Amino acid sequence: MIPTSYYLALSVILFAIGVAGVLLRRNAIILFMAIELMLNSANLVFVAYSRQFGALDGQILVFFVMTVAAAEVAVGLALIVTIFRSKASIDVDDISMLKG
Amino acid sequence: MLPNIPELVIFLVLAVIAVAAALGMLASSNAIYSALFLVVNFGVVATFYLLLGAPFIAMAQVTVYAGAIMVLFLFVIMLLGAEKMKQTSHNLLWQKPLSIVLIVLLLSISFYVVLGQGVSVGSDLMQNASGYGSPSAIGTLLFQKYLFPFEATSILLLAAMVGAVVLTGVRRQRRRIRKSRRL
């Protein structure tokens, strides 16, 4: 069996790449994908600890995280489409005014 | 107990693919390539779930993440024609070096915590227990212990659906109504 800490290390790397995506990229869609990557790395930790403790609760939490991620993507992409309609850009640096 | 060699090789190869796909998502200038790299990453993570004894979560990962969510992403990218958005002027020039410093800090702190924990394999009993992570076991837990959160997610999904429809649909109809009134 692979030790849990190996999975934790991989998940840390994936999470850091997700943070880098949010901080370095300015395309709103890629920002969203980076957020999905971070959620995914958190899911990996949940499942790894679920195996370590022999309890299924972690896997249930992953199920809920997936549901919330799906809802978040639906609303977020709708927001991006709306912003693109009014600004003709999805660069997050361009979205600097409260009034559209 | 150290992992046996074939398992370790499989893990390392998959881990390298996952990290490479994530880096590809981060670095590629075309948003479509980023989305496809992310699909690869999700597929590899689904394989990790299978290795961790979570077949139901693995299949949900493939259908929900790699399937539904990424199709939504690709659809929006193609709808907006936003494949190649050029990186426009940076208003905050100090932001990039600062973010790199912060990422390195985050990585080092997290690795300090993870490695300080020691190498633990966890309980072996689940490997022997039949039905661990199977759909029936998940379903039993979901509909008994976690029934209320499960029902709450249905409201969340409904709210998200209504929100998405309202955000994207209504404005255009309003414009049409205004136009028809002007006429």
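Please refer to the structure placed before this passage.
Conventions we followed
- Residues numbered from 1 in each chain as written.
- Chains lettered and ligands numbered in written order.
- Predicted model: local features only at pLDDT ≥ 70, side-chain atom pairs only at ≥ 80, totals over all residues.
- Heavy atoms only, no water.
- Helix = DSSP H or I, 4+ residues; strand = E, 2+ residues; numbered from the N terminus.
- Contact = heavy atoms within 4.5 Å.
- Areas by Shrake-Rupley, 256 points an atom, 1.4 Å probe, with all protein chains shown as cover.
- Phe/Tyr/Trp six-rings, centres within 6.5 Å; stacked < 30°, edge-to-face > 60°.
- Buried < 20%, exposed > 50% of the residue type's maximum accessible area, 1.4 Å probe, protein only.
- Buried area = accessible area lost by both parts, 1.4 Å probe.
- Salt bridge = Lys/Arg side-chain N within 4 Å of Asp/Glu carboxyl O.
- Nonpolar A, V, L, I, M, F, W, Y, C, P; charged D, E, K, R; others polar.
- Expected span 1.5 Å × (residues − 1).
- Arc of directions from axis to C-beta.
- Patch = residues over 30% accessible without salt bridge, like charges linked within 9 Å, V, L, I, M, F, W, Y side chains within 5 Å.

## Notes on the overall build of chain B
Broken down by element type, chain B carries seven helices and zero strands. For chain B, the α and β elements follow one another from N to C terminus as α-α-α-α-α-α-α. When contacts within chain B are restricted to residue pairs at least 6 apart in sequence, those whose partners lie at least 24 apart make up 61%. About 11500 Å² of surface is accessible on chain B, with carbon and sulfur atoms providing 72% of the total.

## Digging into the packing of aromatic side chains
Each aromatic ring pair is characterised by the separation of its centres together with the angle its planes make. Following the criterion strictly, the structure yields eleven aromatic pairs over all chains and no others. An angle of 35 degrees between the planes, with centres 6.2 Å apart, marks the rings of Phe63 of chain A and Phe56 of chain B as tilted. Of this pair, Phe63 of chain A sits in helix 3 (residues 57–87) while Phe56 of chain B sits in helix 3 (residues 55–80), on two different chains. Judged by relative accessible area, which is 18%, Phe63 of chain A ranks as buried. We classify Phe56 of chain B as partly exposed; its relative accessible area is 25%.

## Topic: the interface of chain B and chain A
On the chain A side, the residues contacting the 88 residues of chain B number 72 residues. Counting the surface lost from both chain B and chain A, the interface buries some 7400 Å², and carbon and sulfur atoms represent 74% of this. Connecting chain B to chain A are one salt bridge. Between Asp57 of chain A and Lys145 of chain B there is a salt bridge, with the nearest N and O atoms lying 2.7 Å from each other. Taken together, the elements giving at least two residues each to the side of chain B that touches chain A come down to helix 1 (5–27), helix 2 (31–51), helix 3, helix 4 (95–116), helix 5 (125–128), helix 6 (135–144) and helix 7 (147–182) of chain B. Ranked by residue count, the leading element in the side of chain B that touches chain A is helix 3 of chain B, at 13 residues. A breakdown of the residues in the side of chain B that touches chain A according to their chemical character gives 58 nonpolar, 23 polar and seven charged.

## Considerations on the environment of Gly67 of chain B
Residues and elements named next belong to chain B. Residue placement: Gly67 occurs in helix 3. Residue Gly67 is classed as partly exposed on the basis of its relative accessible area, which comes to 24%. On a C-alpha basis, the gap between Gly67 and Ile5 in space is 33 Å, while along the polypeptide they are 62 residues apart.

## A word on helix 4 of chain B
Compared with an ideal rise of 1.5 Å per residue, which puts 22 residues at 32 Å, helix 4 of chain B spans 31 Å between its outermost C-alpha atoms and is within 8% of the ideal. Within helix 4 of chain B, the full set of buried residues consists of Ser99, Ile103, Ser110 and Val114 of chain B. Looking straight down helix 4 of chain B, one finds its buried side chains confined to an arc of 40 degrees; they lie on one side. Opposite the buried face of helix 4 of chain B, by more than 90 degrees, sit the exposed residues Val101, Val104, Tyr112, Leu115 and Gly116 of chain B. Where helix 4 of chain B is buried, its residues touch helix 1 (4–24) of chain A.

## Comments concerning a nonpolar patch on the surface
Residues and elements named next belong to chain B. Nonpolar side chains collect at one region of the surface, where Leu92, Trp94, Leu98, Leu102, Leu105, Ile109, Tyr112 and Val113 lie side by side and expose about 860 Å² of accessible area between them. Its location among the elements puts Val113 in helix 4. Judged by its relative accessible area of 52%, Val113 falls in the exposed class.

## Here's the deal with the environment of Ile138 of chain B
One can find Ile138 of chain B in helix 6. A relative accessible area of 1% means that Ile138 of chain B is categorised as buried. The sequence separation of Ile138 of chain B and Ala54 of chain B amounts to 84 residues, and the corresponding C-alpha distance is 9.5 Å. In contact with Ile138 of chain B, not counting residues within four places along its chain, are Leu56, Gln59 and Ile60 of chain A together with Phe56 and Gly133 of chain B.

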